[in-house]
Amino acid sequence: MIAPAIDQTTTPAAISAAGLVKRYGALTAVDGLDLEIPAGQFFGLLGPNGSGKTTTIHMLATLVRPSTGRVRIGDIDVSQHPVLARRQIGLVFQESALDRTLTVRENLRFAGWLYNLPAAVSERRSAELLELFDMTDRRDKPVVTLSGGMRRALDIVRGVLHEPRVLFLDEPTIGLDLPNRRRIWRFIERLRARTGMTVLLTTHYLEEASPCDRVCFIRKGKLVDEGEPAALVDKLGRHILEVEADDLDTLKARLAPKLGDCLIDGDTAFFRHGEEDLSELAQLQTDTAELATAWRVRRPNLNDVFMWISAGKELRA
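Report follows, based on the coordinates. (Residues numbered from 1 in each chain as written. Predicted model: local features only at pLDDT ≥ 70, side-chain atom pairs only at ≥ 80, totals over all residues. Heavy atoms only, no water.)

Section: helix α8 (residues 229-236)
An α-helical segment advances 3.6 residues per turn. Residues three or four places apart therefore align on the same side.
Alright, step 1. For α8, the complete set of buried residues consists of Pro229, Leu232, Val233 and Leu236. Along the axis of α8, the buried positions cluster into a sector of 100°, meaning they face one direction only.
Alright, step 2. Against α7 (206-209), β9 (214-219), β10 (222-227), β11 (239-245), β13 (268-273) and α11 (302-310) lie the buried residues of α8.
Alright, step 3. A positive phi of about 150° marks Gly237, the residue just after α8. (Buried < 20%, exposed > 50% of the residue type's maximum accessible area, 1.4 Å probe, protein only. Helix = DSSP H or I, 4+ residues; strand = E, 2+ residues; numbered from the N terminus. Arc of directions from axis to C-beta. Contact = heavy atoms within 4.5 Å.)

Things to note about the packing of helix α5 (residues 148-160) against helix α6 (residues 178-195)
Alright, step 1. α6 packs onto α5 with a crossing angle of 20° between their chain directions and a minimal axis gap of 10 Å. What the angle tells us is that α5 and α6 run roughly parallel. In this structure, α5 meets α6 at a crossing whose hand is right-handed. Between α5, through Gly149, Arg152, Ala153, Ile156 and Val160, and α6, the contact on the second element is made entirely by Asn180, Ile184, Phe187, Ile188 and Leu191.
Alright, step 2. The residue inventory of the contact of α5 with α6, partitioned by class, reads seven nonpolar, two polar and one charged. (Axes fitted to C-alpha atoms, helices over the stretch in contact; angles between N-to-C directions. Parallel < 35°, antiparallel > 145°, perpendicular 65-115°, else oblique. Left-handed = near helix turned anticlockwise from the far one by under 90°. Nonpolar A, V, L, I, M, F, W, Y, C, P; charged D, E, K, R; others polar.)

Description of the sheet that holds β13
Alright, step 1. If you trace the four strands from one edge of the open sheet to the other, you get β12-β13-β11-β14, paired in antiparallel fashion. Edge positions in the sheet fall to β12 (262-265) and β14 (292-298), since each of these pairs with one other strand and no more. Here the strands of the sheet are splayed against their neighbours by 20° on average, with no regard to which way each runs.
Alright, step 2. One ladder, built from four bridges, connects β12 with β13; its direction is antiparallel. Residue Cys262 lies in a different strand from β13, and its bridge partner there is Phe271. (Pairing = 2+ DSSP bridges.)

A few points about the packing of aromatic side chains
Alright, step 1. Taken as a whole and judged by the stated rule, the model has three aromatic pairs.
Alright, step 2. Ring centres of Phe42 and Trp185 lie 5.7 Å apart, and the angle between their planes is 40°; this geometry places the pair in the tilted category. Within this pair, whereas Phe42 is found in strand β3 (residues 42-46), its partner Trp185 is found in helix α6, the two being separated by 143 residues in sequence.
Alright, step 3. In this structure Trp185 comes out as buried when scored by relative accessible area, which is 10%.
Alright, step 4. Geometrically, the ring pair formed by Phe217 and Phe306 is tilted, given 6.5 Å between the ring centres and 55° between the ring planes. Separated by 89 residues along the polypeptide, Phe217 in strand β9 and Phe306 in helix α11 bring together distant segments of the chain. Taken individually, Phe217 and Phe306 each receive the classification buried, so the pair is uniform in this respect.
Alright, step 5. For the cation-ring pair, Lys22 lies above Tyr24, with the distance from its terminal atom to the ring centre recorded as 5.2 Å. (Phe/Tyr/Trp six-rings, centres within 6.5 Å; stacked < 30°, edge-to-face > 60°. Lys NZ or Arg CZ within 6 Å of the ring centre and 35° of its normal.)

Next up, the structure:
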């Protein structure tokens, strides 16, 4: 198979998608998605469950054929040259790709065979990557004996053994405790710094997406907002007001004329406040003292952006 000619006049995006659509019968999982991710970028693809994130990654990673649209990994058209595209990408998905009956060494050796790596290269890279995770002494242990955090680390080692240009991480730390999550991300940061690889992440732990260069929120298969995480948080407002009350309908009717629409979660209403000056909120707290059982003001974060977009609300008030 002959690889497509590389245009030397421009540097292609690491990942690009144009008009990406995936239908399953009457269900449209992804609906006209456009993405352009430069080489070396740390990119977050975010959205609620069922928004189309995993389907999008599967199409980008050659695992699912789009109904319509085009995907390119670098200068390679994924539909026309899927094998060539697969050589450029690493995959770490929610379900582990490890064989638990094999040892750590055997799993990595098998991964090296799949990518046609010379045995010496596979052994050298395996040793280097396991050392980064402090797993050298586990090399000859069966995977079934590893902790959940170590198995997840090994999944990532397996996904980057062939030194891909693009790494897809679909919920890479789901189910792990905080120390293991931090350990995984220290490794990814070192790997990115050393290789300059492009990383595309999906996660429900929004603090993991905060260091992204750019994030894209999708809902019902459509892109609804994108940008730098800090810029999206600023777009939401200067403060988040959390008010607990027994009668949220009355509270909302009292505050909405001043603060706009809100989110309701249990017995708490969440409002946005766009001004740095808190004097208006202090007056509103006084005006609703007979209704509110608790009143909290804090800075917004990426979790708030996620909540607003998941609820189908615009970020800009």
